[in-house]
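Here's the letter readout for the chains.
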Amino acid sequence: PDPEHTSIDLSASGIGFLLAETDYLLGDALNPGLRERIRTEVEHRIIAPYEARDDYWWLEPPTNNWNAVCNANCLGAALYLEDDPERLARLTMKAASSLEAYLKGFGGDGGTVEGVGYWNYGVGNYVKLADMLEVRTDGRFSLFDVPVLEEIASFPVRAELSPGHYPAFSDASETTTIDPAVATRLGTRFDQPGLLALANEAFEKDDPEDLLSPRTLSWCRDLTDAERPVPVERELFEGVEWWLVRDTPEDPDGLVVAAKGGDNAESHNHNDCGTFVVPYRGESLLT
């Protein structure tokens, strides 16, 4: 490809952020030449084009998890590497404005057509950036102070069919493990014991190497035990038209029916309007 063609996607932005964070965490333990190379490459490939261009499709609606991931990685890399406060202010306002489009992709009740797997990814990156900005500004600027975020945080708990099982609508899979760092950060912030319970369960399921991210080590160090709340009998995510009904809510493996309405023009849709799933005792009897 043309070396001047600066396409920012999930992978490129993620590598840029990872390099910037590695430089920040290891500092002078890295070779000076490597640190300079990191700055040169991340500036050329990520920060400069992010600042200069407004034509990336993920910046504006209709959008999906790409918006949160790319905005968080681009601005996050700048927060680690850029010293000019005026430039950081411009980049922050660009990201905050664009992230409004991401939040509008959720229903007012916090539902997302992308499912819990992309909740991990998209919301996880949104929370990563929100935490960085809150720390960097001593709490004066917070992306947590958005009313719908508390509803978005509750989505994995409310949409669960049985422990670890979710509606396999769109690109979602039947079984998903919640990111423990994201669940802990949001569960603590919004006092949601259900999320903290999912975070504890994720520690039991995950490979230990998957728990060695900086945010997992930091956010989860004070994680305490929490009990799952008894779910409601009927749950309607009106914004995305997901409907769940539980025969015996107090039984985590009881009979459940989940059905999907919505619109086939949704992100990650597989022409699956009208599909349904009927799980019982951890097994999907009808799909």
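What counts as what
- Residues numbered from 1 in each chain as written.
- Predicted model: local features only at pLDDT ≥ 70, side-chain atom pairs only at ≥ 80, totals over all residues.
- Heavy atoms only, no water.
- Helix = DSSP H or I, 4+ residues; strand = E, 2+ residues; numbered from the N terminus.
- Buried < 20%, exposed > 50% of the residue type's maximum accessible area, 1.4 Å probe, protein only.
- Contact = heavy atoms within 4.5 Å.
- Areas by Shrake-Rupley, 256 points an atom, 1.4 Å probe, with all protein chains shown as cover.
- Lys, Arg positive; Asp, Glu negative; His and termini not counted.
- Charge placed at Lys NZ, Arg CZ, Asp CG, Glu CD.
- Salt bridge = Lys/Arg side-chain N within 4 Å of Asp/Glu carboxyl O.
- Patch = residues over 30% accessible without salt bridge, like charges linked within 9 Å, V, L, I, M, F, W, Y side chains within 5 Å.
- Expected span 1.5 Å × (residues − 1).

Draft legend 1. Summary view of the overall build of the protein chain. Along its length, the protein chain carries nine helices and five strands. Walking the protein chain from its N terminus toward its C terminus, one meets helices and strands in the order α-α-α-α-α-α-α-α-α-β-β-β-β-β. Dimensions of the protein chain along its principal axes, counting C-alpha atoms only, are 60 × 40 × 35 Å. Sorting the 287 residues of the protein chain into buried and exposed places 50% on the buried side. Considering only intrachain contacts with a sequence separation of at least 6, the fraction spanning at least 24 residues in the protein chain is 65%. With an accessible surface of roughly 14,300 Å², the protein chain has 52% of that area assigned to carbon and sulfur atoms. Of the side-chain charges in the protein chain, 23 are positive and 52 negative, and the distance between the mean point of each set is 5 Å.

Draft legend 2. Focus on the pattern of salt bridges. Applying the stated criterion across every chain, the model contains 21 salt bridges. The salt bridge partner of D23 is R39, with a shortest N-O separation of 2.9 Å. A residue pair is termed long-range when its members are at least 10 positions apart, and D23 in helix 1 (residues 10–26) and R39 in helix 2 (residues 32–52) qualify at 16 residues. Taking relative accessible area as the criterion, D23 reaches 2% and is therefore assigned buried. You can call R39 partly exposed: its relative accessible area is 29%.

Draft legend 3. Structural view of a nonpolar patch on the surface. A contiguous nonpolar patch, built from L255, F276, Y280, L285 and L286 and spanning about 440 Å² of accessible area, is present on the exposed surface. Broken down by secondary-structure element, the contributors of at least two residues to the nonpolar patch are strand 4 (276–280) and strand 5 (283–286). The topology assignment puts L255 in the loop between strand 2 (242–246) and strand 3 (256–260). Classification of L255 by relative accessible area gives partly exposed; the value is 33%.

Draft legend 4. Structural view of the environment of V146. Along the polypeptide, V146 turns up in the loop between helix 5 (115–136) and helix 6 (147–158). Exposure remark for V146: the relative accessible area of 23% places this residue in the partly exposed category. C-alpha separation for the pair V146 and E100, spaced 46 residues apart in sequence, amounts to 9.8 Å. Ignoring anything within four residues of it in the chain, the contact list for V146 reads L103 and Y126.

Draft legend 5. Seen up close, helix 8 (residues 193–205). In a regular helix each residue adds 1.5 Å, so 13 residues correspond to 18 Å; helix 8 covers 19 Å between its end C-alpha atoms and thus fits that length. Where helix 8 is buried, its residues touch helix 5, helix 6 and helix 7 (180–189).

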